[in-house]
Amino acid sequence: MCGIVGYIGKRDVAPLLLEGLQRLEYRGYDSAGIVITSPKASGLKMVKAKGRVRDLEAKVPKRFAGTTGIAHTRWATHGAPSDENAHPHLDAEGKVAVVHNGIIDNATELRAKLVADGVEFLSETDTEVLVHLVARSQAVTLEEKVREALRHVEGTYGVAVMHADFSDRIVVARNGSPVVLGIGEKEMFVASDIAALVSHTRQIVTLEDGEMATLKADDFRTYTTEGSRTTATPTTVEWEAESYDMGGHDTYMHKEISEQADAVDRVLRGRIDDRFSTVHLGGLNLDAREARGIRRVKILGCGTSYHAGMIGAQLIEELARIPADAEPASEFRYRNPVVDPDTLYVAVSQSGETYDVLAAVQELKRKGARVLGVVNVVGSAIAREADGGMYVHAGPEVCVVSTKCFTNTVVAFALLALHLGRIRDLSVSDGKRLIEGLRKLPAQIAEILKTEDEIKKIAEEYAGAQSMMFIGRVRGYPVALEASLKLKEISYIHAEAYPASELKHGPLALIEPALPTVAIVPDDELLEKNRAALEEIKARSGRILAVAHREQEKADHTIVVPKNETELDPILMGIPLQLLAYHTALAMGRDIDKPRNLAKSVTVE
Ligand code: HGA
C-alpha cells in the first residue's frame, strides 16, 4: 500500500527520500512523488510520476536541492494511477503539500463544498481535500491549520504536511494508518514503515491513532489531535538495515523462502519448557485458570494469515480439544458477529497493521472480548490493541507475498495449541512428542530447500498451464488453499483449492489432461482416502503432482517431504509449494516481488 517518507535536517534531501521510497517499494504502489524545500528557499519544488520510483528519479532535475521534504508511493484508491493523482498534492498557491495514506470517507461531500467555494481541484483523489482545507484555514500555526483540517475529515489517515511559510517543520498525524518518527542527531525522519528508516536511525517513535507530531531538525514533539501534549519516548528497533537487502538472491521472495529454517528456529527460541513438556508464552497475559475457561477459539486474519489461522484452528482443536475455527477478518467485521465472553479471539497479521484485522480487533475490544494478536512487526497497531499475544519473529518480510511469515505464524499457532493443550488434557508424553517434532522443523525445512532444483524442473513443466487444482484433506486442505493462493498471486495462473473429499461433489467435472492437480498426501490416517482421490483423477487422465511422505504411484511427480509428527506435517508440506509457485512465476517472467494489483500491508479497507 501507499508509503510515506519525510526528512528534515541538513542533508541533501532528494537522494535520501528517493532511497527511502525504494525501501517502501515492496509494499506495492502505482506512482510516486516528492516535494522539497529548505529554510532559504522561496517555495516548494515538486516532482511526480506514474510508475516506479526509478521513473520518478529520472524526472527529478539535476538542480533539486533542499534539506526538508516529504515523498510518497501511491496505491490508488480514489482516482486512477496517474501523474496528477500521485502524491504530494499542492494547493493553488503551491504553498501547502500533503502526502496521505488511507481513505477520507467524506471526501465527496468536502470536495463539493470546496468546489462551491471556488476551489479548483487538480486530481481525482480524496487526499486533495485535505490540502485545500489546510490552505484555507485561518489558524495561525501550521499545527493548528492541520488540526482544523483534520477536524472536518472522516476516515483514515497517515499524513505528512509541509508549508512554504513554515519551512522549519513537517507536521504529521495518524488515524488508522501507520506513522513512525525516526529520531536522529540534528535530523528527523518520518515514514509509514520502519523499513524506510532503519538505514538512518534505530530510534523510533510510533504514533498512536489520534496523535500528531511536529518535526524540526533538532527537535520533535507529539500531541493529540485536540492539542494536548503526549509523551513519546523513542524505542530502539532491532531489525538491521541489511534485513531489507536481497543478500545475494535475485528476489526477496527467494531470500525469504530460503531463510525459513533460521526463522523457525527464532520463533521456537526460549519458549520450550522441557520440564513440563510445554511452552512458555509470556506475552499471552492469560493465566492457567483463564485458559481453562476458554470455550471456543476464533481466529481472524486475511489472505495468507487467514490460511495460517485455519491450520492454527485445527492444531488448537486437535491438541487442546477446544472448538476452534478461522474466518476472514474482512467478513467477520461486517456480519455483526455474536461476541461471546468465553471465546478467545486471535487476530493474525504479518504487519500488525492490516486494516480489516485491526478494525475487527477494535470492534471486539469495544464489545469486551479478549483478543490476542499473532503478528510479526513488533509494536505494530494490532500488537498494541490486543490484550496479549505472540510475536512470530520471522524478521522483516519484504516480498508482497508472504512465505517465511506464514510458516512462522503456523509454528506460533502450534506453540499456542501445545500451551493450551498442556493446560487442559494433552498428556505429558504427547507434549514431549510434539516438542521433539517442533525441534526437528528447522533441519527438515533445510532438507526440503535442498530439493529446489527438482522442484524447479517440475515447475517449468507446469508453467504453461491455464489453470491448476489444489486438493488436500483436513490438515492438508489449508495447505492446498495457501499453495493455490501463492500460485495465483505471483504467476497469475488461475488456481482453485478444494478439500479432496469434495472432488466428487463437483470439481471432478473439471479434470482433464490440461488441468494439473497438486495433491497434499501426508502419511496420516487419511492416506488411503487421499490415494483414492488420486485414482479418481488418474482415471480421468488428469496430471498429478503429489506432495507426500513417500512416492505416490498414481502421481506423475511426487515431491517427497520429511515426516514429522502428524499434527505438525502441514507446516512442512507448504514449503515445497512456495518454491513451486516461485519457479512457475519465474519461468513465466513475472515480477515476483511486486505482483500486479497487490500490496504488502493492506492498510486500507
Ligand atoms: N486515498 C489515497 C491514498 C490511498 C492509499 O493510502 N493507498 O494505500 C489515494 O487514492 O490517493
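Taking an unreviewed UniProt entry as the reference, the protein is identified by name as Glutamine--fructose-6-phosphate aminotransferase [isomerizing] belonging to Streptomyces chryseus. Under the heading Subunit (unreviewed entry), UniProt records this for the protein: "Homodimer." Recorded in UniProt under Function (unreviewed entry), the annotation for the protein is "Catalyzes the first step in hexosamine metabolism, converting fructose-6P into glucosamine-6P using glutamine as a nitrogen source."

A. Just the sheet that holds strand S18 (residues 296-301), in detail. With respect to topology, five strands assemble into an open sheet ordered S19-S18-S20-S21-S22, the strand pairing being parallel. Since the sheet does not close on itself, it has two edges, and those belong to strand S19 (324-328) and strand S22 (388-391), each with one partner. Put simply, the sheet's adjacent strands are angled 20° from each other on average, direction ignored. Across four bridges, strand S21 (residues 370-375) lies against S22 in parallel orientation.

B. Molecular detail of the sheet that holds strand S13 (residues 219-224). Spatial strand order, S5-S6-S7-S8-S12-S13-S14: seven strands in an open sheet with antiparallel pairing. Where the open sheet ends on each side, the last strands, each with one partner, are strand S5 (89-90) and strand S14 (229-230). Pairing between strand S12 (residues 211-216) and S13: six bridges, direction antiparallel. The partner of Glu211 across the bridge, within S13, is Thr224. Docked against the sheet, helix H4 (residues 128-136) engages S5, strand S6 (96-101) and strand S7 (157-163), running at close to 145° with respect to S6.

C. Just unusual backbone geometry, in detail. Omega for the peptide link from His87 to Pro88 comes to 0°, which places this bond in the cis form. As for its position among the elements, Pro88 is in the loop between strand S4 (68-74) and S5. With a phi close to 50°, Ser277 is a non-glycine residue in the positive phi region. Take Ser277: it is sitting in the loop between strand S16 (272-273) and strand S17 (278-279). In this structure, Asn597 takes a positive phi of about 65° despite not being glycine. You can see Asn597 is positioned in the segment after helix H19 (575-587). The class of Asn597 is exposed, set by a relative accessible area of 65%.

D. Structural view of the side chain of Lys145. Along the chain, Lys145 falls in helix H5 (residues 142-152). Not counting chain neighbours up to four residues away, the residues in contact with Lys145 comprise Val134, Ser137, Ala139, Val140, His163 and Phe166.

E. Expanded view of the packing of aromatic side chains. In the structure shown here, the tally under the stated rule is two aromatic pairs. Judged by centre distance (6.2 Å) and plane angle (50°), the rings of Phe332 and Tyr345 are tilted. Of this pair, Phe332 sits in helix H10 (residues 329-332) while Tyr345 sits in strand S20 (residues 343-349), and the two are 13 residues apart along the sequence. Comparing Phe332 with Tyr345 shows no difference in burial state: the two are buried. The ring of Tyr492 has Arg596 lying over it, and the distance from NZ or CZ to the ring centre is 3.9 Å.

F. Geometry of the packing of helix H9 (residues 304-320) against helix H16 (residues 476-491). Look at H9 against H16: their axes get within 9 Å of each other, and the N-to-C directions meet at 170°. Viewed along their axes, H9 and H16 adopt a mutual orientation that is roughly antiparallel. Between H9 and H16, the residues in contact are Thr304, His307, Met310, Ile311 and Gln314 and Tyr477, Pro478, Val479, Leu481, Glu482, Leu485 and Lys486, respectively.

G. Looking closely at the UniProt feature "active site" (unreviewed entry) in the protein. The feature "active site" (unreviewed entry), as annotated in UniProt, sits at Cys2 and Lys600 in this numbering. Residues that both appear in the annotated list above and line the second largest cavity are Cys2. Checked against the element boundaries, Cys2 lands in the segment before strand S1 (3-8). Other than its neighbours up to four places away in sequence, Cys2 contacts Arg27, Gly28, His72, Thr73, Arg74, Trp75, His100, Asn101 and Ser192.

What counts and how
Residues numbered from 1 in each chain as written. Predicted model: local features only at pLDDT ≥ 70, side-chain atom pairs only at ≥ 80, totals over all residues. Heavy atoms only, no water. UniProt positions renumbered as here; feature names shortened; annotations may be inferred. Pairing = 2+ DSSP bridges. Helix = DSSP H or I, 4+ residues; strand = E, 2+ residues; numbered from the N terminus. Axes fitted to C-alpha atoms, helices over the stretch in contact; angles between N-to-C directions. Contact = heavy atoms within 4.5 Å. Buried < 20%, exposed > 50% of the residue type's maximum accessible area, 1.4 Å probe, protein only. Phe/Tyr/Trp six-rings, centres within 6.5 Å; stacked < 30°, edge-to-face > 60°. Lys NZ or Arg CZ within 6 Å of the ring centre and 35° of its normal. Parallel < 35°, antiparallel > 145°, perpendicular 65-115°, else oblique. 1 Å grid on protein atoms, 1.4 Å probe; cavity = no way out; pocket = protein on both sides within 12 Å on 5 of 7 lines; lining within 4 Å.

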